[in-house]
Amino acid sequence: MNRRMFLAMAALPAAVRAEDWPAKSGVFRQDNLVAWCIVPFDAKQRGPEERAAMLERLGIKRFAYDWRDKDIPTFDQEIDALNKHGIRLQAFWFPCGLEPAKDKNAGIILDLLERRKLKTELWFSLSGETKELDAMPLEKRVAEVAESVQWVAGRAGKIGCSVALYNHGGWFGEPENQVAILKRVRMKNVGIVYNFHHGHDHIERFPELFALMEPHLMAVNLNGMRKGGPMILPIGDGDRELEMIKVIRRSRYRGPIGILGHREELDAEEALRLNLEGLKKLIPITGS
C-alpha cells in the first residue's frame, strides 16, 4: 500500500491539532506555516470559500496566493473568505517582466492591495520575454532586473507591502544572482523567498547558499528532496531535506515556512496533509 492510500484509509483527524504539533516555539511552530501552491494544484478545484475553510480545518493560519488568470475575477472573494476564516494573506504571487509599469496584471494586484488596505508580500518571479537578458554581461543583466524590481518595490512600499524574489529556475533563480540584484536595488522592503522544489541543483551547496540568503530571507518553502528529483516530493519522502531543514533550524532565520500542495492529481487538502505529517515527524529529529 502506498503512502497516499494509507493516509486516505487512516481517517486522519479533521485538523493537525495545535496540541499535537511537536514545535511549540521557533521557526517550525504550527502558526508559522504557510500554505503554498494550492490554487491551480488541486484536483477538487476549490473556490475561495472552500479553500479558506480547508485551511482553517487543517489548522493552517497563513496562505500564499498562487492565482491564475481565471482567478482574477474572484480576487475580492478570496480576500473575503480568508478574513472570514481567520487566515492571513502572507503573500501574493507576482509574475512580472522587465516592464512592470506596462503589465496589466501587476496593476490589478497592486490596485487591489491598495483598495483593500492589505499589507502582504509580493512573490516576484521574472516572467515574459526575457531572452535579451541572456546576451547581456552579468552586470548589465543585474541592472536591468533590478530596475524592474525597484519599480515594483516602490509601488509596494507606498501601500505597506514588500517584495520577495522567487527562485523559479533559470538565471534569476540562482541565489547568488538574487543577492546581487538586491544589492543593486538597495531598498528595505525587498528580500528573497527560497523554494526547495526549485533548488535541487543547490543541495550540495545548501549550507553555503542559505548563509548567503539568510539576511534577506522572507520565506522558505519546504519539499522532499532527492538529488536529481523528482521535483515535487512530500516532506519526509526524500533523503536530503532533513539535513537542509537542520540548516534552517540552526540558523537565525525565524520567518515563515511554506508547506506545498503542488500535486495536480491530488486533493490539495491531502497534499498538504502529506507534507504536514512528514514535517511533524522530522521536527523532533532536527532538535527544534
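Residues numbered from 1 in each chain as written. Predicted model: local features only at pLDDT ≥ 70, side-chain atom pairs only at ≥ 80, totals over all residues. Heavy atoms only, no water.

A.B. asks: Is there a simple way to think about the sheet that holds strand β4 (residues 121-126) in this case?
C.D. replies: Pairing between the strands of a sheet comes from backbone hydrogen bonds, and it takes one of two forms, parallel or antiparallel. The strand order β1-β2-β3-β4-β5-β6-β7-β8 describes a closed barrel built from eight strands, whose pairing is parallel. The average undirected angle you get between the axes of adjacent strands in this sheet is 30°. With two bridges joining them, strand β1 (residues 33-36) and strand β2 (residues 62-65) adopt parallel strand pairing. Across the sheet, the residue bridging to V34 is R62, located in β2. Contacts between helix α10 (residues 268-286) and the sheet are confined to β1 and β8 (257-260), with β8 contributing the most and set at about 130° to the helix. (Pairing = 2+ DSSP bridges. Helix = DSSP H or I, 4+ residues; strand = E, 2+ residues; numbered from the N terminus. Axes fitted to C-alpha atoms, helices over the stretch in contact; angles between N-to-C directions. Contact = heavy atoms within 4.5 Å.)

A.B. asks: For this particular structure, what's the right way to read helix α2 (residues 48-58)?
C.D. replies: An α-helix turns once every 3.6 residues. As a result, residues three or four positions apart point the same way. Those residues of α2 lying buried are P48, R51, A52, A53, M54, L55 and L58. Looking at the packing, one finds that the buried side of α2 touches β1, β2, α3 (75-84) and α10. (Buried < 20%, exposed > 50% of the residue type's maximum accessible area, 1.4 Å probe, protein only.)

A.B. asks: Hey, could you run me through the environment of A268 in this one?
C.D. replies: Within the fold, A268 resides in helix α10. Taking the C-alpha atoms as reference points, A268 and L55, 213 residues apart in sequence, are found 10.0 Å from one another. Those residues within four positions of A268 in sequence are excluded, and the remaining contacts are I38, F41, D42, R46 and M54.

A.B. asks: Looking at this structure, I do not really get the packing of aromatic side chains. What am I missing?
C.D. replies: The geometry of two aromatic rings is summed up by the distance between their centres and the angle between their planes. Tallied over the full model, the rule gives 17 aromatic pairs. Between the aromatic rings of Y65 and F75, the centroid separation amounts to 5.6 Å while the plane-to-plane angle is 75°, which identifies the pairing as edge-to-face. With a gap of ten residues between them, Y65 in strand β2 and F75 in helix α3 connect regions that are remote in the sequence. Both residues of the pair, Y65 and F75, belong to the buried class. Centroid distance W93 to Y166: 4.9 Å. Interplanar angle 75°. Geometry classified as edge-to-face. Placement of the pair is W93 in strand β3 (residues 88-96) and Y166 in strand β5 (residues 162-166), with a sequence separation of 73 residues. Residue Y166 is classed as buried on the basis of its relative accessible area, which comes to 2%. Put simply, the rings of F63, Y65, W67, F75 and F92 touch in pairs and so form one group of aromatic residues. (Phe/Tyr/Trp six-rings, centres within 6.5 Å; stacked < 30°, edge-to-face > 60°.)

A.B. asks: Even after reading the chapter, I still don't get the environment of M225, so can you show me in this structure?
C.D. replies: Structurally, M225 can be placed in the loop between β7 (217-221) and α9 (241-250). Sequence separation between M225 and D239 is 14 residues, and the spatial gap between their C-alpha atoms is 6.2 Å.

A.B. asks: Explanation requested: the pairing of strand β6 (residues 190-195) in the structure shown.
C.D. replies: As a general feature of sheets, a regular strand has side chains that alternate between the two faces. When you tally the buried positions in β6, you get six out of six residues, the bulk of the element. Of the two faces of β6, the one carrying V190, I192 and Y194 and the one carrying G191, V193 and N195 are both buried. What joins β5 to β6 is helix α7 (residues 175-185), and the crossover it makes is right-handed. Sheet topology note: the β6/β7 ladder contains four bridges and is parallel. (Right-handed = clockwise from strand over helix to strand, strands pointing away.)

A.B. asks: What should I look at first to understand the confidence of the model for the protein chain in this one?
C.D. replies: Per-residue pLDDT for the protein chain has a mean of 92; in total, 93% of the residues score no lower than 70. Segment residues 4-13 is flagged for pLDDT under 50; beyond a separation of four residues in sequence, or across chains, it makes nine contacts in the model. (pLDDT = per-residue confidence, 0-100.)

A.B. asks: Please clarify how the state of the cysteines should be interpreted in this entry.
C.D. replies: By definition, a disulfide is the covalent link that joins the sulfur atoms of two cysteine residues. Enumeration over the complete set of coordinates arrives at zero disulfides. The cysteine C161 is free of any disulfide, with C96 supplying the nearest cysteine sulfur at 15 Å. (Disulfide = S-S within 2.5 Å.)

A.B. asks: What is the right way to look at the pattern of salt bridges in this model?
C.D. replies: Working definition: two side chains of opposite charge can pair if their charged atoms are close together. Taken as a whole, this structure holds 21 salt bridges when the rule is applied. Note that E49 is salt-bridged to K84, the shortest N-O span being 3.4 Å. Taken as a pair, E49 in helix α2 and K84 in helix α3 lie far apart in primary sequence, 35 residues in all. In this structure, D76 and R116 form a salt bridge, with 2.7 Å as the shortest nitrogen-oxygen distance. Here D76 is found in helix α3, whereas its partner R116 is found in the loop between α4 (104-115) and β4, with 40 residues between them in sequence. (Salt bridge = Lys/Arg side-chain N within 4 Å of Asp/Glu carboxyl O.)

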